[in-house]
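Residue-level listing of the chains:
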Amino acid sequence: MIQLQLPTSHSAQGFISVWAELDMVFFMSLLFMLLQPAHTTWVKVKNCLGYLRPTVFRDGDLVLGGFFPLYNMNQDSEISRISFLLQPKTDVRATSWLWKNYQYVLAFYFAIQEVNKDSHLLPNLTLGFQVHNAFSSDQFTLWSTLLWLSGKMDPLPNYNCQTQTKSAAVIAGTTSAFSAEIGTLLELYKTPQVSYGPFDPMLSDEDQFPSLYQMAPKDSSLAHGMVSLLLHFGWTWVALFISDDLKGEQFLRDLKAELVKNGICVALTEKLPDTKTMYGPSDIAFMSRIRVSSANVHILHGEAGSLITVDLAAEFFLTTGKVWIMAAKWDIVTSEMNHMLHSFHGSFSFSPHKGEIPGFQHFLKTVDPSHYPEDFYFPKLWLHLFHCSPAGSLCGKIFNCPENASFETVSGMIDMSTMSDSSYFIYNAVYALAHVLHNMLIQKSEMGSSEDTDQPRLLPWQLHRFLKKIQFTNRAGDHISLDEKSKQRAHYDIHNAVNFPAGLGLLVKVGEFVSKSPLGQGLVITEEMIEWPIGFTEIHTDAGQCVLCPTHEYPNSDRTRCLPKMVTFLAYQDPLGMELACMALCLSALTAAVLGVFVRHQHTPIVKANNRALSYILLISLTFCFLCSLLFIGPPNTATCTLQPIAFGLVFTVAVSTVLAKTVTVILAFKVTAPGRRMRRLLVSGAPNFIIPSCSLIQLTLCGVWLGTSPPFVDSDTHSEHGHIIITCNKGSVTAFYCGLGYLGSLALGTFTMAFLARNLPDTFNEAKFLTFSMLVFCSVWLTFLPVHHSTKGKVMVAVEVFSILASSAGLLGCIFAPKCYVILLRPHSCSLHGFRDKTLCGSNKPS
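Residues numbered from 1 in each chain as written. Predicted model: local features only at pLDDT ≥ 70, side-chain atom pairs only at ≥ 80, totals over all residues. Heavy atoms only, no water.

Novice: Which residues make up the overall build of the protein, and what values go with them?
Specialist: Within the protein, the regular secondary structure consists of 25 helices and 25 strands. Across the 848 residues of the protein, 51% fall into the buried class. Counted over contacts in the protein with a minimum sequence separation of 6, partners at least 24 positions apart contribute 71%. Carbon and sulfur atoms form 60% of the exposed surface of the protein, whose accessible area is close to 39,200 Å². (Helix = DSSP H or I, 4+ residues; strand = E, 2+ residues; numbered from the N terminus. Buried < 20%, exposed > 50% of the residue type's maximum accessible area, 1.4 Å probe, protein only. Contact = heavy atoms within 4.5 Å. Areas by Shrake-Rupley, 256 points an atom, 1.4 Å probe, with all protein chains shown as cover.)

Novice: Tell me about the side chain of Thr658, and name the residues and values.
Specialist: Tracing the chain through its elements places Thr658 in helix 20 (residues 638-671). Leave out the neighbours within four places in its chain, and Thr658 touches Leu614, Ile617, Leu618 and Ile692.

Novice: Mind laying out the packing of aromatic side chains, listing which residues take part and the relevant values?
Specialist: Tallied over the full model, the rule gives 41 aromatic pairs. Their ring planes at 75 degrees and their centres at 5.8 Å tell us that Phe378 and Trp382 sit as a pair that is edge-to-face. Here the residue Phe378 and the residue Trp382 both occupy positions in helix 14 (residues 377-386), the gap between them amounting to four residues, near one helical turn. The rings of Phe68, Tyr104, Phe108, Tyr109, Phe129, Tyr196 and Tyr372 are connected pair by pair, giving a single aromatic cluster. In this structure, Lys731 is placed above the aromatic ring of Phe737, and the distance from its NZ or CZ to the ring centre is 5.2 Å. (Phe/Tyr/Trp six-rings, centres within 6.5 Å; stacked < 30°, edge-to-face > 60°. Lys NZ or Arg CZ within 6 Å of the ring centre and 35° of its normal.)

Novice: Tell me what's going on with the sheet that holds strand 7 (residues 127-133), and back it up with residues and numbers.
Specialist: Ordered by their spatial adjacency, six strands build an open sheet running 3-7-4-8-9-10, and the pairing between neighbours is mixed. Each end of this open sheet is capped by a strand with a single partner; those strands are strand 3 (55-58) and strand 10 (212-214). Each strand axis lies, on average, 20 degrees off the axis of its neighbour in the sheet, ignoring direction. (Pairing = 2+ DSSP bridges. Axes fitted to C-alpha atoms, helices over the stretch in contact; angles between N-to-C directions.)

Novice: Can you tell me about the state of the cysteines, naming the residues and giving the values?
Specialist: The final tally for this structure, using the stated rule, is three disulfides. In this model Cys48 forms its disulfide with Cys395; the gap between the sulfur atoms is 2.0 Å. What sets the handedness of the Cys48 and Cys395 disulfide is the S-S torsion sign, and at about 80 degrees it is right-handed. Placement of the pair is Cys48 in helix 2 (residues 39-50) and Cys395 in the loop between helix 14 and helix 15 (421-446), with a sequence separation of 347 residues. By relative accessible area, Cys48 is classed as buried at 2%. Given a relative accessible area of 13%, Cys395 falls into the buried group. Residue Cys641 pairs covalently with Cys729 via a disulfide, S to S 1.9 Å. (Disulfide = S-S within 2.5 Å.)

Novice: Lay out the packing of helix 17 (residues 575-600) against helix 19 (residues 612-628) in plain terms, naming residues and giving numbers.
Specialist: It is the contact of helix 17 with helix 19, at a shortest axis distance of 8 Å, that shows an interaxial angle of 165 degrees. Comparing their axes, helix 19 and helix 17 come out roughly antiparallel. In this structure, the crossing between helix 17 and helix 19 has a hand that is left-handed. Here Ala584, Leu585, Leu587, Ser588, Thr591, Ala592, Val594, Leu595, Phe598 and Val599 of helix 17 lie close against helix 19, whose contacting residues are Ser615, Tyr616, Leu619, Ile620, Leu622, Thr623, Phe626 and Leu627. By residue class, the composition of the contact of helix 17 with helix 19 is 14 nonpolar, four polar and no charged. (Parallel < 35°, antiparallel > 145°, perpendicular 65-115°, else oblique. Left-handed = near helix turned anticlockwise from the far one by under 90°. Nonpolar A, V, L, I, M, F, W, Y, C, P; charged D, E, K, R; others polar.)

Novice: Can you tell me about the sheet that holds strand 25 (residues 724-730), naming the residues and giving the values?
Specialist: Sheet architecture is open: three strands sit in the order 23-25-24, paired in mixed fashion. Lying at the two open borders of the sheet, with one neighbouring strand each, are strand 23 (566-568) and strand 24 (713-717). Put simply, the sheet's adjacent strands are angled 30 degrees from each other on average, direction ignored. For strand 24 and strand 25, the ladder comprises five bridges, and the chain directions are antiparallel. Of the residues in strand 25, the one forming a bridge with Asp717 is Ile726.

Novice: Break down the pattern of salt bridges for me, with residues and values.
Specialist: It is possible for side chains of opposite charge to pair when their charged atoms get near one another. Taken as a whole and assessed by the stated rule, the structure comprises 11 salt bridges. Here the salt bridges share partners, and the residues they tie into one network are Asp493, Lys509 and Glu512. (Salt bridge = Lys/Arg side-chain N within 4 Å of Asp/Glu carboxyl O.)

Novice: Give me the lowdown on unusual backbone geometry, citing residues and values where you can.
Specialist: You will see that Lys190, though not glycine, has its phi angle at about 55 degrees, which is positive. Locating Lys190 in the fold gives a position in the loop between helix 6 (176-186) and strand 9 (193-195). Given the relative accessible area of 39%, Lys190 is considered partly exposed. Unlike most non-glycine residues, His387 shows phi in positive territory, near 60 degrees. In this fold, His387 is placed in the loop between helix 14 and helix 15.

Novice: Hey, could you go over the packing of helix 22 (residues 691-709) against helix 23 (residues 734-757) for me, with residue numbers and the actual values?
Specialist: Geometrically, a packed helix pair is captured by the angle between its two axes and the distance between the axes. At a minimum axis distance of 9 Å, the contact between helix 22 and helix 23 shows a crossing angle of 170 degrees. Here helix 22 lies roughly antiparallel to helix 23, going by the angle between them. Packed against helix 22, whose contacting residues are Cys695, Ile698, Gln699, Leu702 and Trp706, the element helix 23 presents Ala736, Phe737, Cys739, Gly740, Tyr743, Leu744 and Leu747 at the interface.

Novice: Any chance you could break down a nonpolar patch on the surface for me, citing the residues and the numbers?
Specialist: There is a patch of nonpolar side chains on the surface, built from Leu585, Ile620, Phe624 and Leu627 and spanning about 350 Å² of accessible area. Considering each element in turn, the nonpolar patch owes the most residues, three residues, to helix 19. Inspection of the secondary structure assignment puts Ile620 in helix 19. (Patch = residues over 30% accessible without salt bridge, like charges linked within 9 Å, V, L, I, M, F, W, Y side chains within 5 Å.)

Novice: Can you lay out the environment of His120 for me, pointing to particular residues and giving the numbers?
Specialist: Assignment of secondary structure puts His120 in the loop between helix 4 (102-117) and strand 7. His120 sits in the exposed class, given a relative accessible area of 67%. Here the alpha-carbon distance between His120 and His438, two residues 318 residues apart in the chain, equals 9.3 Å.

Novice: Please give an account of the nonpolar core that cites residues and values.
Specialist: Counting 82 residues, the largest nonpolar core has Tyr102, Phe108, Tyr109 and Phe407 as the members making the most contacts within it. Tallying contributions element by element places helix 15 first for this core, with 14 residues. Apart from residues lying up to four places away in sequence, Tyr109 is in contact with Val56, Tyr102, Phe129, Val131, Phe363, Tyr372 and Asp375. Residues Ile606, Phe648, Ala661 and Leu806 belong to the second largest nonpolar core, which totals 61 residues. (Core = buried A, V, L, I, M, F, W, Y, C linked by side-chain atoms within 4.5 Å.)

Novice: I'd like to hear about the pairing of strand 8 (residues 167-172), residue by residue, with values.
Specialist: Most of strand 8 sits inside the fold, with six of its six residues counted as buried. Relative to strand 8, strand 4 (residues 62-68) is paired through four bridges, and the arrangement is parallel. By the bridge assignment, Val63 is partnered in strand 8 with Ser167. When strand 8 meets strand 9, the two strands line up parallel, connected through three bridges. Paired with Ala172 across the two strands is Ser195, which belongs to strand 9. In this fold, strand 8 hands off to helix 6, which returns the chain to strand 9; that crossover is right-handed. (Right-handed = clockwise from strand over helix to strand, strands pointing away.)

Right, dumping it as structure tokens:
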């Protein structure tokens, strides 16, 4: 590493020291210049290479900010640890230059130049720019953003030191992480940020990032396009390499759904971590898995950070005979991961469609550092490419440049002529902001604003209303909009990666994919233009290696043959089924015992209170509630599947309606104050007893409609458990099931409400409180049942149903009858009827 101190003539207020580590090509160029006899030339070279400032600025009536990754740096761990505790250090250690990404800056400059030349767009106004390096560091990300907001070389939080409000918006976001980091700070000032990186659903959350807009379209149709390519060539055996993040998980779900739908098998699924430490044990293991993969078609999807692992694998484990289908930022891959070009020769890359921008190639042919003298990056790149610097640039003239020196003639691994996805989005982002500013200023002039139109005062939050609905057609003929809902049809370009011996990687367009195309003609491929990987032939289809197993079979661990699936269900022999069956039998026996106790002590006041007959009915119905759970255990058949909804619905309706009748009995009893009252006649006539048949009739009607329209049937579940076919009872109509359950829930809720209102009525044997607690337990069990039942499948779902039946029935039994049994059996002398002259005890069997 070579340390280059800033010369005093170009010191940026003494706050930056630069460390630059040059790549081999740049080092050889520097060595060549060091051998020249002219000392003055060396000083100029040193000053040029050592000059580094935090921003490149050109003034204008309105200024756009651009954050682009132009160099990497290593940050001292000690600096990272104390950076938010002490005054931040401003040492920048540049370890490598990302010169391919300078195309982002060139596209930024070109778009601004075109806007300034356009007499119909922002007339009489010029756009300026402020370019920052997109640091991959939390500390310097915050620092760069504060520089943009404050307008000073020393960042001042909460202050804008510019004399005129010119800062309009920020264009940033090679990665979603960087957009999120600066977006949090920009949101404090409602400054719009237009992202040029890949679409990320996390950034589309308007609650978290209301001021962030994405130029890239959604990639929801990407999986469909890739599967269409697989089907076109007959590839049915693939390996998947997906980044281990939320975006990767979503893509993996979409892709696997498309693969299963089209009968394509997956040999290997590998998650790519966001690797920070290279050459770790996990990386070595991953490298070996690429080579042993039996699939010759690999699908890759991920961000640049997760692709470091793939880069290492491609460098030390050269893979041949395998074709890669890329769903990654290829412009990052080709610039930062040069070793991947050898293994990825002949691969396919999907990227959002972009038209040919008129004038961009001419701009690349004619532009040089003298056109942008404020840009200190440009002469460094020129020195790197042509070993010279032209007059008029920041560094001045250094050696004589070739007459044909331009980006059009540059050789080596930097291809500036092929516009990358990010450069295309940056170009569109500049034009989108220009149209928004133009529309906003026109509206102000139409409203008769008193502002000087030549020097407009801009408030960034005013742009949002226009950004949300901006739509225009760019010079390439593509429709541009920042509204995600308007981007209905996905259009992808398919490129073929070609690696030349000199290390130059190019992308050759060989096809397109358009979603929602008529007659399924969404994929167009020009096969004669395809360069295939070494050792790979176009007719390799993997058809002999991949046979989709029938639904009643599953592949073995080696995926060499299909094995029969084992048929299973919630059986009595299973530990879970045995436990549930024992619980049901024990609770039903306990209920029968309670019924026996009540029959034996039927003439005692505590039994006669609240209608003795209703207590008998409730106990009998609870017994059948416990026993009906046995219908869910054992091998399902047509009879048990049909009886399950009838038995469950009717016995529970009888039980709950009985509790309702008991509650009504308590309320009517305490409302009887005079012999002629209507409520007395209702009580004497036994009106509460009609509640049970009325409620049961409604449930019986619902069950009849259910069985008559879509009855339950025996079904098989082949997906919940690997290697097993689970036999279950299909509900038939889910709507009918939830209607019956909803009616039962409404009945229980009404019963709970009435019991709660009657809980404080005075009487020795008033059971309203017990009824309240019983219905509270009942409702709690079935409210918990709904989400659990919805999220489970197979035997677990059946077990949840059985447990809910047992738990709710046990709640009714325990809360209502346990206190009475305690008094009858353990405290018989405390249950005498107070207030009567002849005290009748619980132990007396004398008829009343």
